[in-house]
Every structure is written in C-alpha cells, then in structure tokens.
Amino acid sequence: MNSHAAGTSNGGSGDAGGAGAGAARRNTRMPKYSKFTQQELPACKPILTPKWVVSVFFIVGVIFVPIGVVSLLAARDVVEIIDRYDEACVPGNMTENKLAYIQNSSIPKDCTRTLMVTKDMKQPIFVYYQLDNFYQNHRRYVKSRNDAQLRDPSKANKTSACEPEKTTADGKPIVPCGLIAWSLFNDTYIFARGNENLTVDKKHISWKSDREHKFGKDVYPSNFQNGSLIGGAKLDPNISLSEQEDLIVWMRTAALPTFRKLYGRIYVDLKENDNITVRLSNNYNTYSFGGKKKLVLSTATWLGGKNDFLGYTYLIVGGLCIFLAFAFTLLYFIKPRKLGDHNYLSWNRHPAGR
Amino acid sequence: MAGGGGGDGRRRRRRKMQLSRLYSFACGRRPSVADDDPGSRIGGPGFSRVVNAGALAQQPPPEQLLPTGSNSISTTKYNVATFLPKSLFEQFRRVANVYFLISACLAYTKLAPYTSASAIAPLVIVIVATMVKEAVEDWRRNQQDTEVNNRRTKVFQDGAFQDAKWKDLRVGDIVKVEKDDFFPADLVLLSSSYEDAVCYVETMNLDGETNLKLKQSLEVTSNLQDDESFSSFGAVIRCEDPNAHLYSFVGNIEIEEQPHPLSPQQLLLRDSKLRNTEFVYGVVIFTGHDTKVMQNAMKVPSKRSNIEKKMDWIIYLLLSLLVLISFIGSIFFGIATRDDLRDGRTKRWYLRPDDTTIYFDPKKAAISAVLHFLTAMMLYGYFIPISLYISIEIVKLLQARFINQDIHMYHEETDTPAHARTSNLNEELGQVDTILTDKTGTLTCNSMEFIKCSIAGTAYGRGITAVERAMAKRKGSPLIADMDNGIERFQPEGNIAVKGFNFMDERVMNGNWVNQPHSNVIEMFFRLLAVCHTCIPEVDEESGKISYEAESPDEAAFVVAARELGFTFYQRTQTGVSLHELDPLSGKQVDRSYKILHVLEFNSARKRMSVIVKDEEGKTFLFSKGADSVMFERLSSSEGAYRQVTQQHINEYADAGLRTLVLAYRELEEDEYAYFDRKFTAAKNSVSADRDEKIEEAADLLERDLILLGATAVEDKLQKGVPECIDKLAQAGIKIWVLTGDKMETAINIGYACSLLRQGMKQITITLETADIIALEKGSDKAAITEASKDNVVRQINEGKKLINASVGETFALIIDGKSLTYALEDDAKGIFLDLAIGCGSVICCRSSPKQKALVTRLVKTGTGKVTLAIGDGANDVGMIQEADIGVGISGAEGMQAVMASDVSIAQFRFLERLLLVHGHWCYSRISSMICYFFYKNITFGVTMFLYEAHTTFSGQAFYNDWAMALYNVLFTSLPVIAMGVFDQDVSARFCLKYPMLYQEGPQNLLFRWARILGWMLYGVASAVIIFFLSAGSLQYQAFRKSGEVMDIESLGATAYTCVVWAVNAQMAITVSYFTLIQHICIWGGIALWYVFLVAYGAITPTFSTTFFMVFVDALAGAPSYWVVTLLVSAAALIPYFTYAAIKTWFFPDYHNKIQWLRHRDRGQPDSNADLEFGQALRQFSVRSTGVGVSARRDAVELVRLNTKVYHADPPQLS
C-alpha cells in the first residue's frame, strides 16, 4: 500500500486485536473492542436460496395438507341440525305483520317444530340458538354494561355506561343494567323424542371464569325489566347472577352479526331418523330488524363445531405451498440462473459450468 | 519575580528579550478595526460597555450601568423550570404527536371507542421516553458546563491573587493566567511575564489554526510586572458591546484620566490558550455568554435528513388515508343509524334508538355521523405509528454510538475516535452524491516536510513524493519497488524520523557539503534557512534538544532542516539570533550570532519575507525567501549562472506536488542600509493613510538585485490512504470536488497524487490568468475588467460544455480558479457552470475563499438536489461544512472550529470510506427498511380493525381490547424493529468495502423510493385481509371447543391479535438479513410478551380487565382450534412476501442481494481467485460509470487484462 516515508504514517492498524493491546498503554479514548461494538456479533445470515425456498414451501405444504385433511374430517364428523323457525312460527294470518304479532303479548307464542335427525348423534348434543343480523357488536350495545355491578352487591349503584337502561323511572339502579342484559334472549325450547322428554342441561353453559369471578354469587337481579318497555327475558330475582347462565352467555357479546349462543346440552345419543319435537316459545323479536332465528342441534369434535372453512383453507394454503415448491423447482431447472454466479451480476462472461 | 514558577533559562530570556522590536513591523501592519476612527464611536450605540478595572476605579459613570453578567456558561437547552414546557412544546411540534394528543383528549369524551387511559398510555410512554432522552442529553451538556465553570483561575482580590472558579469571575476583575491555561473570559491584556508585555496565544479552539499568535499590551500597562503592582492599579475600559467578530475589537482604556486606544492586539479570547509565556495579567471585559467564542457558538444550524422529510410525507399520506376511511365509515354509520328509526318504529330495538344519545341518534343521523368521524379517526389511529419517532431516535442514537465506537475509524496517533456529533443524519451518510473536500489538512497532513532543495543549480534530496509515486504507478513503472526499497536505504535503522524533515542526500548531510562544489553557496543557503524566519527556539533543559515554535509549519520545516544540516538555531534574543554553525574551514562547530536589524514580514501580497542581519564581522546582509514568481524578478540581472537550472528544478518540484520557495540574499552597503533604515522607520512611524504603502515602498527598495542561492521544496504530505480512499469513493459513484486555496499547479498535482485526476482524463481549465485579461487588468477601469472577465469565463464554460457534448466515452476534469469562480457563481452563469461541472468526473476549484467554498456547496446542493457532504479541518471550511447536507470535520488535534460546526468528525480523511460505505450504507438501509416495516405493521393492524368495523355497521367498536391495542406499538412489535434498525446488516462491512458500487443504493434512493414504501403498505393491507378473513371465517359462529362454547368478541379479537403479532414478528424474522441472538430475543420475545400479556392482563380482577378476563386461560388456551388457526393465519399472511422475496432475489435482485448471493456461494467454496476477478470486474464496471479515480491504482494492468475479457456489459441494474 502507500508505505510512504516511515515515521509519520502508521495510523489505524487494521488489526483490531493489536490495537486493543495498545489501548491499555496510552490510548485513553480508544473504543473498546468487542464483537458487539464492532457489529461483528455471530449471526445467521439467511438467504433465500432455491434449496431453502423450495424446502420451506414444501415443508409448509406437507404439514398443512394433513392438518387440512384432519380438520376437514373433524368438521365432517360433526352432525348439525339447523332449523329456522322465526318465519314458520308466525301464525298464517300474521305473516304480513310479524311485528304486530311479536309485540302483542296477548297472542300466544307457542310453536312446535319437528326435527329429523339425519345422522347418528353422539352425546353431548349442544343446543344453540342462532341469530342473524343481530349487532351485538355495536359500540353502543357492547359498552352498555357495568362489570363492577355484576360482581359486587355493594356496587349496585354503579350503573355508568348503562344508559338508557340505567335506572328505573324512579331512579333505582337496575341490576343488571345496560342494553345487553335488557335485551336478553327469551325464546325457550323443550325437546322430546317421541314421548320421551329430552332434558336440556343448562348447567355450565357459560365460561367457568365468568360464573366464578365475573358474576357475583350474592348479586341478585333487582328492578330488572320493570320499565315500560320490556326488552327480552326476565330474570328470577331470587337466583343469583352467577347462576343465571343464560344471562352470562348472552353477556359475552358476539363478535359478528351472525352468532350462536349455547342454550344447553342434551346428554342423550340420537339415532338417525329420530324425530325430535321441539316445543318452543317464540318470544324474541327479530322481526323488526329482519333477523333470523335458528335452532341448532350439533355435536362437537376436538376442533369444535361444523365448519369446513378451516379445513379447506388449510388444504388451499398447503396446496398452494406445494404448488409453489414445484413451481420454484421448475423455475430453477428451466431457467437456471446460477445465483451468486458471475453471470448473474450482469456480467456475461464464460459461464461457469456448475 | 512575580508569580515565580519558571525555569532559570526562561527567566534569562525574559530579561533579555524585547520582542516588540522584532515584531514591530508585523504588529504595525495589523489592519485596524474599521476604516474610520473607531475611537470616536466609543460610548455610542453598540459601543456602550464600560468596565471598571482594579481597585482604584470605583467611580462608575452614573449614566451607564455596569455590566454584571456572570462568567458561568450554560449550553443546555433546558433548565429545571423550562424543561417541562419547552420539551413538551418540542414534542408537539410534530404533526403525528399533535394528532395523538388530540385523540387522547377526545378519549375523555363519549366519542372514544376505547377507554381513555389506554389511549393516553402509549402517548405518555412515548413522550416520557423522548423527554427522558432529552433530559439525559441535556444533563450531559450540563455536566460539561459545570466542569468548565468550575475550572480554576487566579483573581486579584484583597491585594493578592487568589484561586477562584471561572464562574465567579465578574467583569472588571483582574486575572492572572499561567502558561498553558485557557483564558477564562475575554480579557484585555495588561502585561505579561515578558518585559515588553507580549504573549503567545494558541487559538485552535476558535479558528483551528495551530500556529501561535502574538498579542501585546499597551505600553502604559506593560510595567505592571508583579502581583503587588495591582493594588494600586485602576482603569476604566470603554468598549464595544458583546459581538461575534473574533478579529475586531474597539475600545479604550482610561488610566489616570488618560485614554489609550485598545485594539484586537490586546484582546485575549476565552477558550484560547496561553503558550510560551509564563503568565499574563488581564482585565475581564466580557464574561460568559458575552464572550466572543460563545457568541459565535450560539447558532448551530439543525439539519434534517431527506428520509425524515419524506417520512413526513408518508405520515401525511397516512393521515389522509385515515381521513378517507373514517369518512367512508361515517357515511355507512350514518345510513345505518338513520335506518334504526323509521316512522316511530325502531328497527334495531336492542340499541334503543328511541332513547339515545347524540352519538347514535337516528333523528340526527348526520350529526351522529360527523361525531362518528371523530371516533373513527381515533380508532384507526393505529395507522400512524405512535412510536415511530422515538424508535427512530433511539435507533439513530445507537447507530451513532456504533460510529463512535468503530475501532477502524480510530486514529491511534492522535488518540481520536470518530464522533457522530448529531445522530440526525446517520442515514444521510448513505446517500451522499457529492463530496466537497478541502485540501490542506484534509487530504494532506498539513505538516510540512523539507524534502528537496536545489542549491547553486544542483538538485539535492532523494526522497520520493506521493505524487511521484503516483506518476510511477500510473506508468506501471517497475521502479516502484526500487523506490520503495530506496526509501528504506535512506532511512538508517534506529534513526528516528524527524518531524518536518524528510530529506536524504549523503552529498550534503553530515557535513559532507563542504566537499561539494559551490560549498560557499551551500553554506549561505543553510545559514539563510537558519536565520530568515520568525521562529522561537525552545531548548529542552534536560536533553538539550531544541524544538521550535513557528507561525506556520513551513517555517518550522526550514529551521528544522537547517538544524539537521548543521546550522542549529538555538537562541533568539531581543536583537538577534544565535546559531551553532559548522565552519567549513576548521570543520568545527562554532557559535555565531547575527544581529537582526529588521524583519520584513511575509504576507500574501508580498509573497516573500526578508530579514536584515549584521554578522559578527560587521557585514550587513539581506536574506530573502519567497515565491518564485516574485523572487525571480528581483534577482540581480547580472546573475544568471544557475538561474535557468533552478527554475527548471522548481518546475519539477511543483510537478511533484511540492511547495517551493526561492532563497536569495544580498550584501548591503553601509549607506544603503542607513538610507533604508531612515525611510523605513519614518514610514512606520507615520500615521497617514498611505502608511502601509510607504512601508511597502521602503521594503521594495531593498529587496532587489538579489543573488540567487537556490530553492527549497517542502511537501505537504498526503494523509495516509487518501488515494485509496478517493478511489473507493469514486468507485462507489460519489463525485468528489476539491475546493482548495492552493494555486492551480499545486492543486492539479495533488489531484494526481490523490488519484482524483488521471492520465487520459481531459482537463478543462477555466482561468482568468490569461494574457489578455492580465493585460486588461493593468488598466484601471473596473467595470470593463469585470465585464471582460465574465464574458471570458462564460465563454470558457460554454466551450467546455461543447467539448463534453462532442465526446464519447471520455472523462473530463474541470479545474477552475477562484477569480473565475467568482463570475461562474453569479446567478446567470451558475446554471451552466453546474451543468459543466456535473459532466466532469472530477472538479477542482483552486484559490477559492471560504465564502466561495460555501457558495459552491450551496450550488451543488440546490442545483442537483442531491445530498452533499463537505469535509474540512479549518476555520475556513466552516461555511462549507454548515452549508452542506452533512458536514464532516477532521479532528486532527483537539477541539477545532470545523469539528464544532460539523455533524460528524473523523480523524483522517481515509476514515470517510468506512464512514460512508459501511456505516452510511448500513444506516440508510436500516432506517429505510425500518420505516417501511413500521408502516407495514401498523397498516396491518389498522386495516384488520377497519375490516372488523365493516361487520359492526361501522359503529366504532374496536376489534381488540383497549390495552392490547395500546401496547401494540409499545410492547409487542417495537423491539424487533428497533433491533433491526440497530443491528441489521444487509451486507457485512468487508463486502461493503469490497463492492463499493453497493453504495449507490443510497444516492439513487432505491430502498426508500415510493414504490417500495407503497409496496410495503399494500402488503400491510393484504396481510390484514388475510388475517381478518381467515381468522373470522374459521371461527365464525360454530363452537370452537369440544365443550361447545362459541367465540365472543374478546376471544375472536384476541385470536386475530395473536395472528397479527405472529405475522408481523415472523415477517420481521424473514426480512432481517443478519440474525443475531439479539434479533432472536426481540422477535420471539415480542411474541412471548403477547402471551404474557394475555395471561397477566386476563388474570387481573374483572373490574379492570372487564370482558377480557381470563379470555386466554379459560377460553383460548385450551382450544386446539385457536392454535390451529394461529398457525394457519400467520403462515398464510407470510406466503405472499416470501414468494415475492424469493422471486425478487432470484430474478430481480437488488445490488445487495447480488452480493449476498456471492457471499453465500463463496462461503461454501472459498474460490478466492474467481472472487478476485469478479471483484475486479465489478470495480472496472463502476469506474467506467463514474469516470474518476483509477489513476493511482496499481492494478491498472490487471484491469486492462480483464477489460479485454469482458465482451458484454449490461447497464447497471440499479438505475
């Protein structure tokens, strides 16, 4: 290099180690050498080589396709009976004016539906009601509750955010307050197979944590549904909130406008072609906003209820990955631009035959 | 002996010396402050300061108040009281922060989609973090100030000088400053340890000049020689108000009712250092922030990098997107709300639209929609990354630390590491398009070495200069090796090199000169070197070694040369100089003294200096040295023996990049001298306006008919590694302009030496040193000269442009001199000048003034719109350094003005290579990737919320839990991105330097172009769509557990959130190209933190966590579907990028990708030969595109060989 006249020019010894030794002697401001300060930490420097790309895609595909198949099988295992009853339960003379029908409390709301079991159903069988076009996720609705009040009997007065179902007309706090509780679903179902009644177990349909910590054992409904406008179900003021599991389930607001809520479980195996008679009271008003009401009987697998979406998506994503793995392999063979080769860097020199 | 403390030798000198005589000429020539009589202005506006100094001046004029400023300084931005308001104000000057503040305030209203605390928390965290950072920085500044304020000095109090702290000084105090101490404030010099009250001052901290300046007090105060005399001293000083002019001072001092005018000659400035003088006494006139140095230091222009400016635009873009989607949402919300109540019949009765607040009122749906707009603005606020600024600041701070700690940029000799003084501009270092560099002290060492001389027509000195070396290399001469060996031959082992002396010639060294022909001329030559100067010897008492204090490094080099050649100058007395000489007749050392009669100082107009001495035999000589242009015309006409040869030698020296001086002498007759003495003294003592001219005239009378002795050549050596560095920078596609004060020839030669110019480059020279212009200048019509000069310059520029346009494949170099530059920089010419300059590979501006340097910098900066970097070391470079986008100061010695004005300081020019190519590139690529990633992750997050909104009739319900949202930017996704900004390396340092073309990614802004930014944003949208629809689709209404429970809003939100956190962090994992342990910790830690949050926040009592209570533990963790969905969604979200990245790196790689491939390939099989060839090819390719810098390369031959092999070259993929 530029080894001009010795003496004055001997700066910056390239060897950091050597310089480090000098530091101890006199160089007070010399930076300390460490792999960290010199940005030389040991590191993996991943690079998307064909091998890597193809194997990643392939491995992802190979993992995903089986998961997809398993998920799909699980979803197919589920037997689900769905019965939409909101239209059918309106008496023939009221079909033009469903709203008047539902709002008129003098009209009996009883209705009987018969369900045909399409496939053997192993217990437990879950009973859901499904609402469509019901915006439980509306901001006004979601916020309209007070968790402190639900938990602690001494905080019954805490009704902030509960408007307009905050207090009764004479100013007494409503427990549980807010729109969510007020609009509690109030259709009921009674199941029978032939003459045999199928008991619906309504215990433990809510989350354990909700029952035990969020809804107080010694909090009782008070002033509930006492107003002029009745929303949904009434609550037995003698049963503590932690045992009002329908309420607890309802209070877990749904994320999307179509949702199901667990109504109860039937611990009886159902056989194919069994006819289930459902006596239901069609109280809940979905007519004003054009929502549907469905009754769902379903079994569940390790993955939950019936939904092919997950399985199909897994298959699609996995398949796509395998496809990409093949595509990239093909590309690699058809158009073998030797990565890291000289040719590759815009230099068309004698090709290195690799 | 007042104050004591000095050695005996010094006392002796002090008694004898009366330096005022020696310097009388010099001092007398100092320009006065102003054209008119400055004294008359004292007391007027701007000149109101009155200082009462000493004990006896206790009668302050009633009409004027005493200045009472304290001497403590504070460079801090804040103090305890102002910190909060001021730093808050700083924070909220940023658009984004104002937005967040407004949202936080609105969060307390009913508008808020989330709880107020969670809205305010991230803002508070971010603001507090920034403020803590500010506070720490300010605390450091405060520490420095305290250190300075508590320095000690001696103040006259109660009849004696007592120790005092600097901060306790008051105006009017009399202080005593001792040798090698800094002046604590601006002082008026009263007296010094020398009888004639001179002192030497080093002003390096002020102007970067290392030479000593001489100051002298007024005669009236010069008798205050000891501490006691001050008990009876009193004076009133009236002077100008504090100002920033370092070189002017107007005032007078009133002693015993008698005013005496003061000049800058009596002013000792704060932060300069007392040298070579035992002590001085002075009166404090300006303290603290009134001092000139502080007045100068106040305004530091703050610079912002282009990336940050562009980032603002991205923020604006996002803000408008935010407004847009909020607007869309509001419309849908308005429609839905209005529909809820039709003719008194409620539709969604469960919302109670009949009894509602204004926010959801169907009767006033329009107003509700407007209010909802505000809600939406808050809700989608996650588009704007709240922690972006603070993250960038943290990253830049850490990057700056890495620059400071780079061991490869540490200069051992001067013990100076690189220092990034501002961290604002790190990434700008990676985008430099043009470097404007000073020459002296920047490219060269600014330490002169006596290397050659020509005496009586014989050239001596066998040293080889860098330029000669470069020339030899250029020609591919095999001599290089011999020359290198040659050096070693001349440097006998164990002989320590002498600073300033690099002369080897056995013919004249070690006394051998006596055997040379013309030995009498040689003797005279050496004597002249030893006598004709203004240096002061310092004899080391112990070793007897003599060193010299000189005004310029050139002078020192001469005296050192004389010493090494046997004429040791060892003593300067008030009347003369004493030498040890080698007597050619006896061959012994003899001591001789020369009486100095006059010194005719050097200045840039005279270009020469002379001394008139009387030797021991009584003969009077005029010794003269000067530039060849002035000296040759003053030589005796009869004298021509070796004039021709000497001239030729001088030309050769100049070609070799050396500074030459001609040495000549004359013996004066008695009466001739007497006549001169009379005339000169008269001129000096005159007070008329033409005094300077008279002095000039008198000197001119004497300095003629000289007898030529020979010429000297000193080398201002190139700094180590400069050619290589310039070469590398040129390969990196950076244009380099040299702006120098040197003359054209020297500049061109240095240009060759430092590989800026090369053989085969066409030079376009624009100069006004042409015959016709010079002829014209003889006339006095200024307007005509200006016009003609201008026309001339414009014509030359246009010719140059034609030349460039006409040529194909040639590279050009533009050389322009300062005078032409004046015209070329005028408004109507600068456009074409810039065009021409851009068309040239290298540009050298010679003889340019500091102002011109700054103007050229501005021209390049604004004209090209590209990033400019100015590098310099001296006060004359400050303008340029401040003007450029990035200013780099060379910090050779401690604390210089250029460094103070700079953004980054380095010890040597060659460190620029690493600073730009490695740190600059890294910082640029890191910051741009980081910002892109930041926007990506926030858009991903924000869009999922928007998509969810669509499923809630845009009611403004947040998809995620409040606190989870609040912590998204702060906790779960911030660390990986910071780690990337600090540690990522697309290409290792070694490869950055090996393939300098990589640097072009910065100047061409490939990594932060709109396409890339928008690409990342779109990808963010795509990710959000994938995440939302896959997670919502998989877990819609059916049971998600075996026990039959269904999803609710919190659990679906938490699941989607989990997917976002996974996707975004895993995205980081596949983006990062340098995966250290730290990255692992940050990325996987971020994900882990999310789970910790799920558990911890879920475990808090439901009063606080509300609906989020136990969501994870009770609901999600036990559900296989949750985990299966997480895996699916995160993988699916990454597939698009992974595919894109694979295709991109395979088929459309960026330059850094190519290098990564190369590295990858070589790791497996270290095929060093192919690698080398490849590197060469790459370099050759780059050189062709920039046209600069191959000259000095040794591998030129290699290149030619390669060049023939390359039969096809694509245009660079980078464009």
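Before reading on, note that the structure itself is shown above.
Predicted, not measured: the structure shown is a model, and the values here were computed from it.

Peer 1: Can you tell me about the overall build of chain B, naming the residues and giving the values?
Peer 2: Regarding its fold elements, chain B presents 40 helices and 35 strands. A total of 1215 residues make up chain B; the buried ones form 61% of that total. Counting contacts in chain B only where the partners sit at least 6 residues apart, residues at least 24 apart contribute 73% of the total. Approximately 46,300 Å² of chain B is accessible, and the part contributed by carbon and sulfur atoms is 56%.

Peer 1: Break down the sheet that holds strand E4 (residues 174–178) of chain B for me, with residues and values.
Peer 2: All names here are of chain B. Spatially, the 6 strands line up as an open sheet ordered E3-E2-E4-E13-E5-E11, and their pairing is antiparallel. One side of each edge strand has no neighbouring strand; the edge strands of this open sheet are strand E3 (160–165) and strand E11 (267–268). Pairing geometry for strand E5 (residues 186–192) and E11, over 2 bridges, is antiparallel. In the strand pairing of E11, Val-188 is matched with Leu-267.

Peer 1: Outline the packing of helix H2 (residues 50–77) of chain A against helix H37 (residues 1120–1147) of chain B, listing residues and values.
Peer 2: Where H2(A) contacts H37(B), the axes come no closer than 11 Å and their chain directions differ by 155°. What the angle tells us is that H2(A) and H37(B) run roughly antiparallel. With respect to the hand of their crossing, H2(A) and H37(B) are arranged in left-handed fashion. For the pair H2(A) and H37(B), contact is made by Pro50(A), Val53(A), Val56(A), Phe57(A), Phe64(A) and Ile67(A) and by Val1124(B), Leu1127(B), Leu1128(B), Ala1131(B), Ile1135(B), Phe1138(B), Thr1139(B), Ala1142(B) and Trp1146(B), respectively.

Peer 1: If you had to explain the nonpolar core to someone new, which residues and values would you point to?
Peer 2: Judged by nonpolar contacts, the single largest core of 151 residues is most densely connected at Phe57(A), Tyr380(B), Ile384(B), Phe935(B), Tyr960(B) and Tyr1057(B). Those residues in contact with Ile384(B) that sit more than four places away from it in its chain are Ala96(B), Tyr99(B), Phe100(B), Ile315(B), Leu318(B), Leu319(B), Leu322(B) and Asn938(B). If you look at the next biggest cluster of nonpolar residues, it comprises 76 residues, including Cys532(B), Ala562(B), Leu582(B) and Ala698(B).

Peer 1: Account for the packing of aromatic side chains, with residues named and values stated.
Peer 2: As enumerated under the stated definition, the model contains 94 aromatic pairs over all chains in all. When the ring of Phe279(B) is compared with that of Tyr281(B), the centres are 5.5 Å apart and the planes differ by 65°; the resulting orientation is edge-to-face. Since its relative accessible area comes to 0%, Tyr281(B) is described here as buried. Relative to Tyr1057(B), the ring of Tyr960(B) lies with its centre 5.0 Å away and its plane at 85°, an arrangement referred to as edge-to-face. Here Tyr1057(B) lies in helix H33 (residues 1049–1071) and Tyr960(B) lies in the loop between helix H28 (911–950) and helix H29 (962–972), a separation of 97 residues in the sequence. In this structure, Lys202(A) packs its charged tip against the face of Tyr263(A), placed 3.3 Å from the ring centre. Geometry around Trp182(A) places Arg352(B) over its ring, the cationic atom sitting 5.1 Å from the centre.

Peer 1: Which residues make up helix H25 (residues 850–864) of chain B, and what are the values?
Peer 2: Residue and element names in this part refer to chain B. An ideal rise of 1.5 Å per residue puts 21 Å on 15 residues; H25 measures up with 21 Å between its terminal C-alpha atoms. Inspection of H25 places Gln-852, Lys-853, Ala-854, Val-856, Thr-857, Leu-859 and Val-860 among the buried residues, and these make up the whole buried set. Residues of H25 that are buried in the fold lie against strand E17 (432–437), strand E29 (735–739), helix H23 (818–824), helix H24 (827–839), strand E33 (867–872) and helix H26 (878–883). Looking one or two residues past H25, Gly-865 carries a phi angle of roughly 70°, positive in sign.

Peer 1: Run through the state of the cysteines, naming residues and quoting values.
Peer 2: Residues and elements named next belong to chain A. Going through the model one piece at a time under the given rule, you end up with 2 disulfides over all chains. For Cys-89, the disulfide goes to Cys-111, at an S-S distance of 1.9 Å. Where Cys-89 bonds to Cys-111 through sulfur, the torsion about that S-S bond is close to -70°, and the disulfide is left-handed. Pair noted here: Cys-89 is in the loop between strand E1 (80–84) and helix H3 (98–103) and Cys-111 is in strand E2 (residues 110–116), with a separation of 22 residues, a long-range link. Under the relative-accessibility criterion, Cys-89 is labelled buried at 6%. The exposure class assigned to Cys-111 is buried, which follows from its relative accessible area of 11%. Residue pairing for Cys-162: its cysteine sulfur links by disulfide to Cys-177, the two sulfurs lying 1.9 Å apart. Of the two residues, Cys-162 is situated in the loop between helix H5 (147–151) and helix H6 (179–182) and Cys-177 in the loop between H5 and H6; the sequence distance between them amounts to 15 residues.

Peer 1: Lay out the interface of chain A and chain B with the relevant residues and their values.
Peer 2: Facing the 124 residues of chain A at the interface are 139 residues of chain B. Between chain A and chain B we count 2 salt bridges in total. Among the salt bridges present, the one from Arg352(B) reaches Glu165(A), with a minimum N-O distance of 2.2 Å. Inspection of the region where chain A meets chain B yields 34 residue pairs in polar contact (both at pLDDT 80 or more). When residues of the side of chain A that touches chain B are traced back to their parent elements, those giving at least two are H2, strand E3 (125–131), helix H4 (139–143), H5, H6, helix H7 (208–214), strand E6 (259–266) and helix H9 (308–334) of chain A.

Cut-off values and rules
Residues numbered from 1 in each chain as written. Chains lettered and ligands numbered in written order. Predicted model: local features only at pLDDT ≥ 70, side-chain atom pairs only at ≥ 80, totals over all residues. Heavy atoms only, no water. Helix = DSSP H or I, 4+ residues; strand = E, 2+ residues; numbered from the N terminus. Buried < 20%, exposed > 50% of the residue type's maximum accessible area, 1.4 Å probe, protein only. Contact = heavy atoms within 4.5 Å. Areas by Shrake-Rupley, 256 points an atom, 1.4 Å probe, with all protein chains shown as cover. Pairing = 2+ DSSP bridges. Axes fitted to C-alpha atoms, helices over the stretch in contact; angles between N-to-C directions. Parallel < 35°, antiparallel > 145°, perpendicular 65-115°, else oblique. Left-handed = near helix turned anticlockwise from the far one by under 90°. Core = buried A, V, L, I, M, F, W, Y, C linked by side-chain atoms within 4.5 Å. Phe/Tyr/Trp six-rings, centres within 6.5 Å; stacked < 30°, edge-to-face > 60°. Lys NZ or Arg CZ within 6 Å of the ring centre and 35° of its normal. Expected span 1.5 Å × (residues − 1). Disulfide = S-S within 2.5 Å. Salt bridge = Lys/Arg side-chain N within 4 Å of Asp/Glu carboxyl O. Polar contact = N/O pair within 3.5 Å; in protein donor to acceptor, adjacent residues only side chain to side chain.

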